[in-house]
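Summary of the model geometry
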Amino acid sequence: MNAKRPNLLSLLTYLLLGFVALVVVLHFVFGFQYVVILTDSMEPNINPNDLVITMPVSPDELHVGDVVLYRVDIGNTTYKITHRIVGMKTDSSGRLYYVTKGDNRKYTDPWQVYPEQVIGRVILVIPKVGVVWYYTPLIVFGLFLIVIASLAYDLAWLLLEEEPIRPKSRKADLLVLRRKKIKVYHYRRH
């Protein structure tokens, strides 16, 4: 095996490691959220099992027509919902709230969504990736094991690889051959 040629498995491993690192950094450092859509409320633009990526935004950046991810408490449960802002109003105390609605619904949502409930604005929809996203922890663990195995393989290869035997130079071979000829000639003469 040529040590200078990159191993395809190692290259693929490093690319996957970089992708996982990017996803983690975007989530923990910049606050991006990754949500799998479970219902058909946003069809045809966002379908069930689509992966939605949201970016945190300030209330000043939100406008009618933006699709947002927000939290709403219904009973004792908190839900994360992805719907479109269809209006902006103020309540009786003068606080701004958003009127939201699913693209596939006839009526607006029955609750008021205040700016502090908004997690972020949808910036990217990846179709059908949500099916795989459910298994992300298992996939990440498997990728982690592959990365560790690949790094161990590369390290073992570097530590255990023997230095190749250097071939004799052609000049040395010619000198040896010449000496043999001289000896043969010398012995024949005597």
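My aim in this report is to walk through the structure given alongside it, one point at a time. (Residues numbered from 1 in each chain as written. Predicted model: local features only at pLDDT ≥ 70, side-chain atom pairs only at ≥ 80, totals over all residues. Heavy atoms only, no water.)

Here's the deal with the sheet that holds strand S2 (residues 51-55)
Taken in spatial order, the six strands line up as S1-S2-S6-S3-S4-S5 in an open sheet, and their pairing is antiparallel. The open sheet terminates on both sides in strands that have one partner only, identified here as strand S1 (33-36) and strand S5 (96-101). For this sheet, the mean inter-axis angle between neighbouring strands, taken without regard to orientation, is 50 degrees. With five bridges joining them, S2 and strand S6 (residues 118-126) adopt antiparallel strand pairing. The residue of S6 that forms the bridge with Ile53 is Leu124. (Pairing = 2+ DSSP bridges. Helix = DSSP H or I, 4+ residues; strand = E, 2+ residues; numbered from the N terminus. Axes fitted to C-alpha atoms, helices over the stretch in contact; angles between N-to-C directions.)

Things to note about the packing of aromatic side chains
Throughout the structure, instances matching the rule amount to two aromatic pairs. When the ring centre of Tyr114 is taken as reference, the NZ or CZ atom of Arg95 above it lies at 4.1 Å. (Phe/Tyr/Trp six-rings, centres within 6.5 Å; stacked < 30°, edge-to-face > 60°. Lys NZ or Arg CZ within 6 Å of the ring centre and 35° of its normal.)

Examining the side chain of Asp109
Mapped onto the secondary structure, Asp109 falls in the loop between S5 and S6. There is a polar contact of 2.5 Å between the side chain of Asp109 and the side chain of Thr100. Non-local contacts of Asp109, meaning those with residues more than four positions away in its chain, are made with Tyr70, His83, Thr100, Lys101 and Gly102. (Polar contact = N/O pair within 3.5 Å; in protein donor to acceptor, adjacent residues only side chain to side chain. Contact = heavy atoms within 4.5 Å.)

Overview of the pairing of S1
Side chains Gln33 and Val35 project from S1 onto one buried face, and the interleaved Tyr34 and Val36 project onto a second face that is buried too. Where S1 meets S2, four bridges bridge the pair, whose relative direction is antiparallel. The residue bridging Val36 from the neighbouring strand is Leu51, located in S2. (Buried < 20%, exposed > 50% of the residue type's maximum accessible area, 1.4 Å probe, protein only.)

Observations regarding a nonpolar patch on the surface
Taken together, the side chains of Tyr14, Leu17, Phe141, Phe144, Leu145, Ile148 and Leu151 make up a nonpolar region of the molecular surface, amounting to roughly 670 Å² of accessible area. Secondary-structure elements contributing two or more residues to the nonpolar patch are helix H1 (8-28) and helix H3 (136-160). Residue class for Leu145 comes out partly exposed when judged on its relative accessible area of 44%. (Patch = residues over 30% accessible without salt bridge, like charges linked within 9 Å, V, L, I, M, F, W, Y side chains within 5 Å. Areas by Shrake-Rupley, 256 points an atom, 1.4 Å probe, with all protein chains shown as cover. Salt bridge = Lys/Arg side-chain N within 4 Å of Asp/Glu carboxyl O.)

As for the pattern of salt bridges
The full count for this structure, using the stated rule, is four salt bridges. The partner of Asp40 in a salt bridge is Arg105, and the shortest N-O contact between them spans 3.2 Å. With Asp40 in the loop between S1 and S2 and Arg105 in the loop between S5 and S6, this residue pair connects regions lying 65 residues apart in the sequence. For Asp40, a relative accessible area of 32% translates into the label partly exposed. Asp103 serves as the salt-bridge partner of Arg84, at 2.9 Å between the closest nitrogen and oxygen. A residue pair is termed long-range when its members are at least 10 positions apart, and Arg84 in strand S4 (residues 77-90) and Asp103 in the loop between S5 and S6 qualify at 19 residues.

Quick word on the pairing of S6
Where strand S3 (residues 67-74) lies against S6, three bridges are found, and the strand directions are antiparallel. Note on S6: the bridge partner recorded for Leu69 is Gly120.

A closer look at unusual backbone geometry
With omega at 5 degrees, the peptide bond leading from Glu43 into Pro44 counts as cis. Locating Pro44 in the fold gives a position in the loop between S1 and S2. Although it is not a glycine, Asn49 sits at a positive phi angle of roughly 75 degrees. Turning to its location among the elements, Asn49 is positioned in the loop between S1 and S2. In this structure Asn49 comes out as partly exposed when scored by relative accessible area, which is 28%. The phi dihedral of Lys128 falls on the positive side, at around 60 degrees, and the residue is not glycine. Overall, the relative accessible area of 52% leaves Lys128 in the exposed class.

Nothing here speaks to function; it is all geometry.
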